[in-house]
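For reference, the chains in residue letters:
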Amino acid sequence: MIIIMEDNEYFDVKITHKSNDKFVVFRNGKWQDLNLPKGHGLDISVTVTDPDNDNKDIINMLSVYRDIKTVSNFSFTRYQRYINELNLQKHNDNSITWDNRINKLQHKLEAVRFHMTNFNLHQDEVQQEFEKQYANSIVEVEETDQRFTYELESFLFQVQSLLDILGQIIALAIRDNTFDSYGTFLSIKLSNSANITINSKLKQVIDNHAQWYKNFNAMRNLVTHWGDLLNFKSTTHKPSIDQEFARIYYPQMPDKKKVTRYMDELWNSLNILIDEVGEIIKEDYERRDNFKII
């Protein structure tokens, strides 16, 4: 007999603490409490964010972009196709704007940091467990750990998504909607554009970052299109028979670099890239604004 579990769209919880929130209404020249019927709330939908998740360094990193106020909007064909296919035409973010892209870039930076933090925390948890109690192995053993695997893969995915949004920001800045992602072809696009003043500088920056991007992109593509990151190793135990101590290696990238070190290095590269692109765009738009004033 097959038992079919009920798949509810919601669940109920017991209220243990009453909310102190209240709504007021302006009546007869003064504010008065708006008394709602018992058991009811206002039919208003809001989205809230835990302030503990705010990363001040990320906010500061993007301040140079938020200082730019004169970038015009235009439509990206592929984005609009997705919006139409999902019937999201009435969503607030159904079109690409400068502020929209900066907000999404912050979102992706926070996502990358999230996976870095999770990986580090789990690595510390594993180490602490082994330091409390450990039975040696007489052969080398890689102890596969799905949390390490999935956090690393998610980290790689979010970095690429972040870079694609940076590509869209560049497209908005140089008024060229023929591309909407980041890649080696972006340098070629910048070379062929008419806006030489800003584009030549942007091309030089992207070329300067080409080596780490090429290495990262190969790994991300391997996971995305072929299943996993070959030669990634989770926690590895070295053989120890008569010794007093055993050696345990932290998770390693395909080139044997410690994963957390790789994440930190890539994070720093992203920071530098974003800073350099932002400064070039800001400088160009300040030049344009000053030219208009004169």
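First, a word on what this report is: a plain description of the structure on this page. This one's a predicted model, so the numbers in the text were calculated from it and none came from an experiment.

What counts, and where the lines are drawn
- Residues numbered from 1 in each chain as written.
- Predicted model: local features only at pLDDT ≥ 70, side-chain atom pairs only at ≥ 80, totals over all residues.
- Heavy atoms only, no water.
- Helix = DSSP H or I, 4+ residues; strand = E, 2+ residues; numbered from the N terminus.
- Buried < 20%, exposed > 50% of the residue type's maximum accessible area, 1.4 Å probe, protein only.
- Contact = heavy atoms within 4.5 Å.
- Areas by Shrake-Rupley, 256 points an atom, 1.4 Å probe, with all protein chains shown as cover.
- Salt bridge = Lys/Arg side-chain N within 4 Å of Asp/Glu carboxyl O.
- Patch = residues over 30% accessible without salt bridge, like charges linked within 9 Å, V, L, I, M, F, W, Y side chains within 5 Å.
- Pairing = 2+ DSSP bridges.
- Axes fitted to C-alpha atoms, helices over the stretch in contact; angles between N-to-C directions.
- Parallel < 35°, antiparallel > 145°, perpendicular 65-115°, else oblique.
- Left-handed = near helix turned anticlockwise from the far one by under 90°.
- Nonpolar A, V, L, I, M, F, W, Y, C, P; charged D, E, K, R; others polar.
- Core = buried A, V, L, I, M, F, W, Y, C linked by side-chain atoms within 4.5 Å.
- Expected span 1.5 Å × (residues − 1).
- Lys, Arg positive; Asp, Glu negative; His and termini not counted.
- Charge placed at Lys NZ, Arg CZ, Asp CG, Glu CD.
- Arc of directions from axis to C-beta.
- Phe/Tyr/Trp six-rings, centres within 6.5 Å; stacked < 30°, edge-to-face > 60°.

Before going further, it helps to spend a moment on the overall build of the protein. Scanning the protein from N- to C-terminus turns up 9 helices and 5 strands. Reading the protein from its N end, one meets helices and strands in the order β-β-α-α-α-α-β-α-α-α-α-β-β-α. Here the protein, with 294 residues, has 35% of them falling under the buried criterion. For the protein, the proportion of contacts with a sequence separation of at least 24, taken over those separated by at least 6, is 71%. Working note: accessible area of the protein is about 20,100 Å², and carbon and sulfur atoms make up 51% of it.

This next bit is on the pattern of salt bridges. Under the criterion given, the structure shown has 11 salt bridges. Ionic pairing is found between K104 and D93, a salt bridge with its closest N-O pair at 3.1 Å. With K104 in helix α4 (residues 98-132) and D93 in the loop between α3 (77-85) and α4, this residue pair connects regions lying 11 residues apart in the sequence. On the accessibility criterion, K104 (27% relative accessible area) is partly exposed. In this structure D93 comes out as partly exposed when scored by relative accessible area, which is 25%. Notably, a salt bridge pairs D207 with K203, separated by 2.6 Å at the nearest N-O pair. Taken as a pair, D207 and K203 lie in helix α7 (residues 196-208) at a separation of 4 residues, close to a single helical turn. A relative accessible area of 25% places K203 in the partly exposed class.

Where nonpolar side chains cluster on the molecular surface, the patch consists of I138, V139, V141 and I241 and spans about 370 Å² of accessible area. Tracing the backbone shows I241 in the loop between β4 (235-237) and β5 (248-249).

So, about the sheet that holds strand β3 (residues 141-143). Spatial strand order, β3-β4-β5: 3 strands in an open sheet with antiparallel pairing. Since the sheet does not close on itself, it has two edges, and those belong to β3 and β5, each with one partner. Sheet analysis places β4 next to β5, joined by 2 bridges and oriented antiparallel. By the bridge assignment for β5, H237 is matched with I248.

What follows covers the packing of helix α5 (residues 146-174) against helix α8 (residues 210-226). Running from N to C, α5 and α8 point in directions that differ by 120°, and their axes come no closer than 10 Å. It follows that α5 is oblique to α8 by the angle criterion. As α5 packs across α8, the resulting crossing turns out to be left-handed. Packed against α5, whose contacting residues are E153, L156, F157, V159, Q160 and L163, the element α8 presents W212, Y213, F216, N217, R220, V223 and T224 at the interface. Looking at side-chain class alone, the contact of α5 with α8 contains 8 nonpolar, 3 polar and 2 charged residues.

Attention now goes to the nonpolar core. Side chains that are nonpolar tend, in soluble globular proteins, to be buried together. One finds Y65, W98, L152, F155, L163 and I281 to be the most contacted residues of the largest nonpolar core, which totals 61 residues. When residues of this core are traced back to their parent elements, those giving at least two are α1 (56-61), α2 (63-66), α4, α5, α6 (184-192), α7, α8 and α9 (259-293). If you tally residues by element for this core, the top one is α5, at 15 residues. The residues touching W98, leaving out its near neighbours within four places in the chain, are Y65, I68, V71, N73, I169, L172, A173 and I281.

Along its 17 residues, α8 runs 23 Å from first to last C-alpha, staying within 8% of the 24 Å computed at 1.5 Å per residue. Residue G227 follows α8 closely and has a positive phi angle near 110°.

Attention now goes to the pairing of strand β1 (residues 24-27). Summarising the sheet, β1 and strand β2 (residues 30-33) pair through 4 bridges and their orientation is antiparallel. Paired with V25 across the two strands is Q32, which belongs to β2. Between β1 and β2, which pair antiparallel one after the other, the connecting turn spans 2 residues, and N28 there sits at a positive phi close to 50°.

Now for a negative patch on the surface. On the surface, a cluster of negative charge is made up of D275, E276, E279 and E286. Taking relative accessible area as the criterion, E286 reaches 42% and is therefore assigned partly exposed.

Quick look at α6 now. Residues of α6 that are buried include every one of L186, S187 and L190, and no others. On an axial view of α6, the arc spanned by its buried residues comes to 105°, and they lie on one face. With respect to the buried face of α6, the exposed residues turned more than 90 degrees away are T184, I188 and N192.

It is worth spelling out the packing of aromatic side chains at this point. The tally for this structure, following the rule as stated, stands at 7 aromatic pairs. Here the aromatic rings of F119 and F148 are separated by 4.8 Å at their centres, their planes lie at 40°, and the arrangement is tilted. Taken together, the residues F119 in helix α4 and F148 in helix α5 connect sequence positions 29 residues apart. Pair check on accessibility: F119 and F148 agree, each one buried. Judged by centre distance (5.1 Å) and plane angle (70°), the ring pair of Y182 and Y213 falls under edge-to-face. Within this pair, whereas Y182 is found in the loop between α5 and α6, its partner Y213 is found in helix α8, the two being separated by 31 residues in sequence.

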